Amino acid sequence: MEYKNVQKIAKETIKYIKGEIKPGMTLKEVRSLCEDKMRELGADSFWYYDIGAFVFSGDETTVSVSGKEYIISDRVIAADDIVTIDLSPQVGDTWGDYARTIIVENGKAVQSDDDIKNSEWRGGVEMEKRLHKRMTEIVSPLMTFEELYYRMNEFIMAEGYINMDFLGNLGHSIVRRKEDRIYIEKGNKAKLGDVSFFTFEPHISVGGSKYGYKMENIYYFDKGEIKEL
C-alpha cells in the first residue's frame, strides 16, 4: 500500500531523531535532520506548505499555528526538555502525516514512555495514548466527523486537559490536495467511512501548564474495523 510506505518514512524518521537529539542542538538542526532523513528514505517533497518537520520545544509546545504562518524558532534543546515534531512526507501525490512528543531527560531522548521521570510530561504523553485508544473504541464508518469531534473533546475535558488546536479540530482527511481536506470539527456532517484515510492528532495541554503534547497517526477502516496505517 503506497500510503503505508509513505507513513513508514515518517515513523522511521521519528525513531531516527530520537537517537540524534542532544542538548545544545537547535530546533533548526532538528528540522534539517528530519527532513534530510525523510528524503533519504524516499520522500520527494513535503505536502504541508513545503515544511517537512514542524518542531517546537519547551513552552512553545503549546503553540498551534498554520503552516502558512510557521516560523521555526532559534531555541536550543536543553538537557531536560520536551519536543514536539510533526512530519509531513510526500511521495508523488501520496501523503504521510505523523507526530510525536519526545521527552529529553539527562541529555538523552527517553526511548520508552514508561521511563519518563517528569510526572507532568509522562502524564501528558500517556494521555495522548489514552485518547487514541478511546477514539479507536468509539469510531465506526457511520460516525460523522462532527460526532467524533464532540465525543473526543468531551473526553479531553473530562480528563482535565485542554484542546490547544488553533481551529479546535482533532484531525483531517488524507487526500491528494491540501484544499480537499475535511476536518474533525463542529459542523462536518460527513461520515468517517466516506474518506479513505483520516488523521487523529489531538494537541493538548493542562490548564495552567506551559507544556503541550501531540500524537498523530493515520487511520482507516478495513471491513468496518478501525486500523492504524
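The rules behind each value
- Per chain, residues are indexed from 1 in the order of the written sequence.
- Per-residue local features of the predicted model are confined to residues with pLDDT of at least 70, and side-chain atom pairs are confined, for both listing and counting, to 80 or more; whole-chain, interface and lining totals are unaffected and use all residues.
- In computing side-chain properties, one takes all heavy atoms of the structure into account and sets aside hydrogens as well as water.
- Working definition: helices are DSSP H or I runs of at least four residues, strands are E runs of at least two. Numbering for both runs from the N terminus.
- For the exposure calls, accessible area comes from a 1.4 Å probe over protein chains only, and a residue counts as buried if that area is under 20% of its type's maximum, exposed if over 50%, partly exposed in between.
- By definition, residues are in contact when any of their heavy atoms lie within 4.5 Å.
- Only the protein chains shown count as covering a residue, and every accessible area follows the Shrake-Rupley method with a 1.4 Å probe.
- In this count, Lys and Arg are taken as positive residues and Asp and Glu as negative ones, while His and the chain termini are left out.
- For this purpose, a charge sits on NZ of Lys, CZ of Arg, CG of Asp or CD of Glu.
- Only rings of Phe, Tyr and Trp enter the pairing, Trp through its six-membered ring, and a pair is recorded when the two centres are within 6.5 Å. The plane angle decides the type: under 30 degrees is stacked, over 60 is edge-to-face, the rest tilted.
- When the NZ atom of lysine or the CZ atom of arginine is within 6 Å of a ring's centre and also within 35 degrees of its normal, the charge is said to sit over that ring.
- What counts as an axis is a line fitted to C-alpha atoms, over the stretch in contact for a helix, and the angles between N-to-C directions run from 0 to 180 degrees.
- Roughly parallel here means an angle under 35 degrees, roughly antiparallel means over 145, roughly perpendicular means 65 to 115, and every remaining angle is called oblique.
- Here a crossing is called left-handed whenever its near helix is offset anticlockwise from the far helix by less than a right angle, and right-handed whenever the offset is clockwise.
- Gly is placed with the polar residues, together with every amino acid not listed as nonpolar (Ala, Val, Leu, Ile, Met, Phe, Trp, Tyr, Cys and Pro) or charged (Asp, Glu, Lys and Arg).
- Buried residues of nine kinds, namely Ala, Val, Leu, Ile, Met, Phe, Trp, Tyr and Cys, make up a nonpolar core once their side-chain atoms join them within 4.5 Å.
- Should DSSP find at least two bridges between two strands, the strands are regarded as paired.

Caption draft 1: Region of interest: the overall build of the protein chain. From N to C terminus, the protein chain includes four helices and 13 strands. Expressed along its principal axes, the backbone C-alpha trace of the protein chain runs to roughly 50 × 40 × 30 Å. Looking at the 229 residues of the protein chain, the share that counts as buried comes to 53%. Across the protein chain, contacts joining residues at least 24 apart in sequence account for 65% of those joining residues at least 6 apart. In the structure as shown, the protein chain presents an accessible area of about 10,500 Å², 47% of it carried by carbon and sulfur atoms. Looking at charge distribution, the protein chain has the averaged site of its 32 positive side-chain charges lying 2 Å from that of its 40 negative ones.

Caption draft 2: The packing of aromatic side chains, seen in detail. Tallied over the entire structure, the rule returns 13 aromatic pairs. For the ring pair Tyr-48 and Tyr-49, a centre distance of 4.9 Å and an interplane angle of 65° mean the geometry is edge-to-face. Overall, the relative accessible area of 16% leaves Tyr-48 in the buried class. Look at Tyr-49 and you get partly exposed, because its relative accessible area is 29%. For the cation-ring pair, Lys-37 lies above Tyr-16, with the distance from its terminal atom to the ring centre recorded as 4.8 Å. Looking at Lys-178, its charged tip hangs above the ring of Tyr-49, at a distance of 5.0 Å from the centre.

Caption draft 3: Seen up close, the packing of helix H1 (residues 2-18) against helix H2 (residues 27-40). Their axes nearest at 9 Å, the elements H1 and H2 cross at an angle of 135°. Relative to H2, the element H1 lies oblique. Helix-helix and strand crossings are classified by hand; for H1 and H2 the assignment is right-handed. Here H1 contributes Ile-9, Thr-13, Tyr-16 and Ile-17 to the contact with H2, which in turn contributes Val-30, Leu-33, Cys-34, Lys-37 and Met-38. In the contact of H1 with H2, the residues fall into seven nonpolar, one polar and one charged.

Caption draft 4: Layout of the nonpolar core. Core analysis: the biggest nonpolar cluster contains 37 residues, and Ile-21, Val-30, Val-55, Ile-77, Ile-85 and Leu-87 have the highest contact counts within it. Listing elements by their share of this core, those giving two or more residues are H1, H2, strand S2 (53-57), strand S3 (81-87), strand S6 (98-105) and strand S12 (217-222). By residue number, the principal contributor to this core is H1, which donates five residues. When neighbours within four sequence positions are excluded, Val-30 is seen to be in contact with Ile-17, Ile-21, Met-25, Val-55, Ile-77 and Ile-85. Listed in part, the 30 residues of the second largest apolar core include Ile-82, Leu-131, Ile-138 and Ile-184.

Caption draft 5: Expanded view of the sheet that holds strand S11 (residues 212-214). The strand order S8-S10-S11 describes an open sheet built from three strands, whose pairing is antiparallel. A single partner strand is all that each edge strand has here, and the edge strands are strand S8 (161-163) and S11. Averaged over all pairs of adjacent strands, the angle between strand axes in this sheet comes to 35°, irrespective of strand direction. Pairing of strand S10 (residues 203-206) with S11 involves three bridges; the strand directions are antiparallel.

Caption draft 6: Region of the structure containing the sheet that holds strand S1 (residues 45-46). Overall, antiparallel pairing links the three strands, which are arranged S1-S4-S5 in an open sheet. Of all strands in the sheet, those with a lone pairing partner are S1 and strand S5 (94-95), marking the two edges. Relative to S5, strand S4 (residues 89-91) runs antiparallel, the two sharing two bridges. Of the residues in S5, the one forming a bridge with Val-91 is Thr-94. Relative to S4, H1 is tilted by about 145°, and along the sheet it contacts S4 and S5.

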